[in-house]
Amino acid sequence: MAIVTMLNMEGKEAGTIELNDQIFGIEPNQDAVHTVVVNYLANQRQGTQSAKTRSEVAGGGRKPFRQKGTGRHRQGSSTDPSQVGGGIVFAPKPRDYRFSVPKKVKRLALKSALSAKVADKEIIVLDELKFEAPKTKEMVKVLANVNAGKKALIVTAEKDENVVRSAANIPGVRTALVSTMNVYEIVNAGSFIVTKDAVEKIEEVYK
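In this text the structure is predicted, and so the values were computed from the model without any measurement.

Undergrad: Give a detailed account of the overall build of the protein, specifying residues and quantitative values.
TA: When helices and strands are counted, the protein shows seven helices and six strands. For the protein, the N- to C-terminal ordering of α and β elements is β-β-α-α-α-β-α-β-α-β-α-β-α. The C-alpha radius of gyration of the protein comes to 26 Å, more than 25% above the 17 Å expected for a compact globule of 207 residues. For the protein, the C-alpha atoms occupy an extent of roughly 90 × 40 × 25 Å along the three principal directions.

The structure is reproduced here in structure tokens:
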């Protein structure tokens with residue numbers, strides 16, 4: 001098992017914690033991670049893009065100019081895609097980009113992302129993360145104390161409104177629960193900050 005040094009909110013050592021190798025120590029499967037990230041991004045798409053084909057563009061009732069004598073090509077309709085204001089060839093239409101991924105692949109991808117963070121030393125384990133009131137300054141101070149990167153994902157076991165609101169206005173910093181964290185956010189974060197309680201819950205849920 002990998003042993004990681006825990007920090008407190010002041011950035012000082014607060015003991016160590018053993019991470020389960022079945023979750024935090026596997027060989028990352030890049031294919032699974034890629035599949036799940038593409039799935040996540042595809043599911044975020046609204047799919048509302050739309051353009052008109054030549055059959056939907058207004059006009060085209062008469063020949064735009066005479067057949068001969070103008071020195072121009074013999075155009076039969078103003079709705080032709082080659083004309084200014086004409087239709088679009090293979091125009092995009094509203095569609096659903098969502099697709100499903102097997103649960104086993106999702107689980108493998110999550111374990112791979114977590115293991116990669118441990119291997120790259122981008123995981124920061126806090127003994128606890130609590131604020132008496134929502135204060136952005138306090139969260140900024142904690143992030144500086146633990147040397148977090150510009151992009152950070154903070155994962156807690158239970159929802160703490162003070163933590164969520166303290167991080168809400170910091171660019172590049174996101175918060176999540178063990179039950180809501182996803183592979184894309186883990187991979188996208190330069191620092192994966194997780195509380196001791198959250199680590200225990202992750203090992204309980206994904207063992």
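Anyway, onward from the coordinates.
Undergrad: Can you break down the pattern of salt bridges residue by residue, with the values?
TA: For the structure shown, the criterion picks out seven salt bridges. Residue Lys93 pairs with Glu56 through a salt bridge whose shortest N-O separation is 2.7 Å. You can see Lys93 sitting in the loop between helix 2 (30-44) and helix 3 (103-119) and its partner Glu56 sitting in the loop between helix 2 and helix 3, a full 37 residues away along the chain. We note a salt bridge from Lys141 to Glu138, for which the minimum N-O separation is 3.9 Å. Residue Lys141 and its partner Glu138 are both found in helix 4 (residues 136-145); the two are separated by three residues, about one turn of the helix. Residue class for Lys141 comes out partly exposed when judged on its relative accessible area of 46%. A relative accessible area of 32% places Glu138 in the partly exposed class.

Undergrad: Tell me about the pairing of strand 6 (residues 191-195), residues and numbers included.
TA: For strand 6, the tally of buried residues reaches five of five residues, placing the bulk of the element in the interior. Along strand 6, one buried face is formed by Ser191, Ile193 and Thr195 and the opposite face, lined by Phe192 and Val194, is buried too. Sheet analysis places strand 3 (residues 123-126) next to strand 6, joined by four bridges and oriented parallel. Following the sheet pairing, Ile123 is matched in strand 6 by Phe192. Sheet topology note: the strand 4 (residues 152-156)/strand 6 ladder contains four bridges and is parallel. The residue bridging Ile154 from the neighbouring strand is Ile193, located in strand 6.

Undergrad: Let's hear about the environment of Gly86: which residues, and what values?
TA: Here Gly86 shows up in the loop between helix 2 and helix 3. Sequence spacing of Gly86 and Asp127 is 41 residues, and the spatial spacing of their C-alpha atoms is 63 Å. Those residues within four positions of Gly86 in sequence are excluded, and the remaining contacts are Val57, Ser78, Thr79 and Asp80.

Rules behind the numbers
Residues numbered from 1 in each chain as written. Predicted model: local features only at pLDDT ≥ 70, side-chain atom pairs only at ≥ 80, totals over all residues. Heavy atoms only, no water. Helix = DSSP H or I, 4+ residues; strand = E, 2+ residues; numbered from the N terminus. Rg over C-alpha atoms; globule rule 2.2 N^0.38 Å. Salt bridge = Lys/Arg side-chain N within 4 Å of Asp/Glu carboxyl O. Buried < 20%, exposed > 50% of the residue type's maximum accessible area, 1.4 Å probe, protein only. Pairing = 2+ DSSP bridges. Contact = heavy atoms within 4.5 Å.

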